[in-house]
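Per-entry structural report
Residues per chain, in single letters:
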Amino acid sequence: MGTRQRHIAHLHLHAALDEARYADVIEYLSGVTPHVQAVPPNAVQLDLTSALRYFDLSPYDVVQLAKMRLKALYGIDSSAGLAGNRMLAGMAADASAPGETTWVPAADAADWLYPRPLTALPGIGRATATTLTRYGLHTIGQLAGLPPATLQRLLGAGQARLLAERARGHDPRPVTPAEPAAYLTADVVLDRDCLDPAHHHRAVLGLADRIGQRLRGERQVAGRLTLTVRYADRSSTTRSRTSAEPTDHSPALAATALGLLTSLGLQRARVRAFALRADGLLPAGGAYRQLSLDPGDTRARAAEAAADRARRRFGAEAVRPAALATAATAPTAIRTVGVGSRN
């Protein structure tokens with residue numbers, strides 16, 4: 001049985017991306033294929049092989065679909081390369097003008113690769129290029145045709161072996177998703193000091209909802225929440241609570257977070273910022289959950305899953321909790337909301 005041909009896409013994102021926005025893009029693209037690898041600061045690679053049957057599209061059309069949605073949802077223009085391995089896909093993306101996609105089918109890889117300059121091959125820097133050029137080597141094809149013993153004399157055994165493989169278009173590296181985060185944080189900084197308990201409630205509810213979305217996107221559950229409140233005088237208060245069971249369900253997270261807020265007894269405190277941290281993270285598939293006989297809980301989780309699908313398709317703000325629907329008109333508006341992680 002032959003090896004299934006891989007289809008790897010490399011997307012250059014033509015935008016300035018902070019950590020939160022980059023994470024949103026990675027999370028969205030994980031809805032196209034689970035095999036997504038970040039290439040900081042502004043690129044991403046996707047193994048589309050397993051996604052083609054689901055979309056019933058060609059590899060090229062799946063890339064175009066992802067690019068179109070990135071533009072529609074996030075306003076991000078991108079150029080792309082598509083090939084049978086990570087190296088060729090990256091090189092094809094480098095050769096693509098903004099907005100374009102360069103597809104290098106496996107049958108055409110050698111013809112596409114060989115006339116390209118040596119410096120286009122990953123692993124060849126200025127010093128190596130100078131050495132090879134001195135011996136009349138200017139293209140990747142010339143490097144691929146050089147006898148191995150000659151190349152070893154020029155560069156040494158290790159580098160010669162690596163570059164010879166790359167010059168022939170070989171790259172066995174898989175697309176590797178990032179390791180799960182050790183914890184997640186979400187924070188909100190208010191435009192001005194806030195005295196209104198209702199605004200405090202909405203801010204914390206929004207943070208819990210963002211944490212829930214991110215947990216479900218990364219297929220994790222959290223066992224503990226920590227709420228930190230920063231006041232106008234730059235002092236702060238922190239409270240933590242361990243959940244009865246690890247969860248990624250936004251209403252359960254919100255109940256815990258709001259319980260922490262209530263326990264602080266802020267009343268008329270002048271609040272400048274809130275931060276919510278989820279830790280004790282576990283893979284969702286291996287976590288226990290108490291079965292419920294309440295059909296309302298099943299319906300709520302089904303609605304939550306549908307909302308997550310809508311967000312992946314139409315953007316993070318496509319679906320919001322009803323309690324947050326009026327937040328945009330509140331006197332104290334959210335200026336920045338970010339979700340971050342640390343490995």
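Structure first, text after, so check above.
Since the structure is predicted, the reported quantities are computational estimates derived from the model, not experimental observations.

What about the packing of aromatic side chains?
Tallied over the entire structure, the rule returns three aromatic pairs. Summarising the aromatic geometry, the rings of tyrosine 54 and phenylalanine 55 are spaced 5.0 Å apart at their centres and angled 90 degrees between planes, so their arrangement reads as edge-to-face. Over the aromatic face of tryptophan 112 sits the side chain of arginine 116, whose NZ or CZ is 4.6 Å from the ring centroid.

Section: unusual backbone geometry
Cis geometry is adopted by the peptide bond preceding proline 41, which originates at proline 40 and carries an omega value of 10 degrees. Position of proline 41 relative to the elements: it lies in the loop between strand 2 (36-39) and strand 3 (43-47). Although it is not a glycine, arginine 234 sits at a positive phi angle of roughly 75 degrees. Structurally, arginine 234 can be placed in the loop between strand 7 (220-231) and strand 8 (236-247). The exposure class of arginine 234 is exposed, given its relative accessible area of 77%.

Regarding helix 10 (residues 197-217)
With 21 residues, helix 10 should reach 30 Å at 1.5 Å per residue; the first-to-last C-alpha distance of 30 Å fits that figure. Within helix 10, 17 of the 21 residues are buried, which leaves the element mostly enclosed by the surrounding structure. Capping the start of helix 10, aspartate 196 holds a side-chain oxygen 2.9 Å from the backbone nitrogen of alanine 198, two or three residues further along. Looking at the residues trailing helix 10, positive phi occurs at arginine 219, about 55 degrees.

Some points on the pairing of strand 2
By the bridge criterion, four bridges tie strand 2 to strand 3 in an arrangement that is antiparallel. In the strand pairing of strand 3, valine 39 is matched with alanine 43. Where strand 2 folds back on strand 3, the antiparallel hairpin that results is connected by three residues.

Some words on the pattern of salt bridges
Applying the stated criterion across every chain, the model contains six salt bridges. Close ionic contact of arginine 224 with aspartate 279 constitutes a salt bridge, the shortest N to O distance being 3.0 Å. Taken together, the positions of arginine 224 in strand 7 and aspartate 279 in strand 9 (residues 271-279) put the pair 55 residues apart, joining distant regions of the chain. Residue classification places arginine 224 among the partly exposed positions, given a relative accessible area of 37%. Accessibility expressed as a relative area gives 7% for aspartate 279, which makes it buried. One salt-bridge network, held together by shared partners, links Asp193, Arg270 and Arg272.

Section: the environment of arginine 272
Looking at where arginine 272 falls in the secondary structure, it is placed in strand 9. Arginine 272 gets classed as partly exposed once you look at its relative accessible area, which sits at 30%. Linking arginine 272 and tyrosine 231, residues 41 residues apart in sequence, is a C-alpha distance of 5.1 Å. Every residue in contact with arginine 272, bar those within four places of it in the chain, is listed here: Val188, Val189, Leu190, Arg192, Asp193, Arg230, Tyr231 and Ala232. Looking at arginine 272, its side chain comes within polar contact range of the side chain of aspartate 193, at 2.5 Å.

Here we look at the nonpolar core
Ile211, Leu227, Val229, Leu266, Val271, Phe274 and Leu276 are the most contacted members of the largest nonpolar core, which totals 31 residues. Of all the secondary-structure elements, those providing two or more residues to this core are strand 6 (183-194), helix 10, strand 7, helix 11 (250-264) and strand 9.

Focus on the side chain of threonine 33
Mapped onto the elements of the fold, threonine 33 is located in the loop between helix 1 (19-29) and strand 2. Here the side chain of threonine 33 touches aspartate 47 through a polar contact of 2.8 Å, landing on its backbone oxygen. Setting aside residues no more than four positions away along its own chain, threonine 33 makes contact with Leu46, Asp47, Leu48, Ser50 and Ala51.

Focus on the sheet that holds strand 5 (residues 101-103)
Strands belonging to one sheet form pairs held by backbone hydrogen bonds; the direction of such a pair is parallel or antiparallel. Strand order in this open sheet of five strands is 2-3-1-4-5, and the pairing throughout is mixed. Only two strands of the sheet have a single neighbouring strand rather than two, namely strand 2 and strand 5. Ignoring strand direction, the axes of neighbouring strands in this sheet form an average angle of 15 degrees. By the bridge criterion, seven bridges tie strand 1 (residues 8-14) to strand 4 (residues 77-83) in an arrangement that is antiparallel. By the bridge assignment for strand 4, isoleucine 8 is matched with alanine 83. Each of strand 1, strand 4 and strand 5 is contacted by helix 3 (residues 59-74), which is oriented at about 165 degrees to strand 4, the strand it contacts most. Sheet strands touched by helix 4 (residues 86-94): strand 1, strand 2, strand 3, strand 4 and strand 5. Its angle to strand 4, the strand with the most contacts, is close to 140 degrees.

Thoughts on the packing of helix 1 against helix 3
Helix-helix packing is characterised by the crossing angle of the two axes and by the distance between the axes. Running from amino to carboxyl end, helix 1 crosses helix 3 at an angle of 140 degrees, the nearest separation of the two axes being 11 Å. Compared by their axis directions, helix 1 and helix 3 come out oblique. As helix 1 packs across helix 3, the resulting crossing turns out to be right-handed. Facing Arg21, Asp24, Val25, Tyr28 and Leu29 of helix 1, the residues of helix 3 in contact are Leu65, Ala66, Arg69, Leu70, Leu73 and Tyr74. Of the residues that constitute the contact of helix 1 with helix 3, the class distribution is eight nonpolar, no polar and three charged.

Basis of the calculations
- Residues numbered from 1 in each chain as written.
- Predicted model: local features only at pLDDT ≥ 70, side-chain atom pairs only at ≥ 80, totals over all residues.
- Heavy atoms only, no water.
- Phe/Tyr/Trp six-rings, centres within 6.5 Å; stacked < 30°, edge-to-face > 60°.
- Lys NZ or Arg CZ within 6 Å of the ring centre and 35° of its normal.
- Helix = DSSP H or I, 4+ residues; strand = E, 2+ residues; numbered from the N terminus.
- Buried < 20%, exposed > 50% of the residue type's maximum accessible area, 1.4 Å probe, protein only.
- Expected span 1.5 Å × (residues − 1).
- Polar contact = N/O pair within 3.5 Å; in protein donor to acceptor, adjacent residues only side chain to side chain.
- Pairing = 2+ DSSP bridges.
- Salt bridge = Lys/Arg side-chain N within 4 Å of Asp/Glu carboxyl O.
- Contact = heavy atoms within 4.5 Å.
- Core = buried A, V, L, I, M, F, W, Y, C linked by side-chain atoms within 4.5 Å.
- Axes fitted to C-alpha atoms, helices over the stretch in contact; angles between N-to-C directions.
- Parallel < 35°, antiparallel > 145°, perpendicular 65-115°, else oblique.
- Left-handed = near helix turned anticlockwise from the far one by under 90°.
- Nonpolar A, V, L, I, M, F, W, Y, C, P; charged D, E, K, R; others polar.

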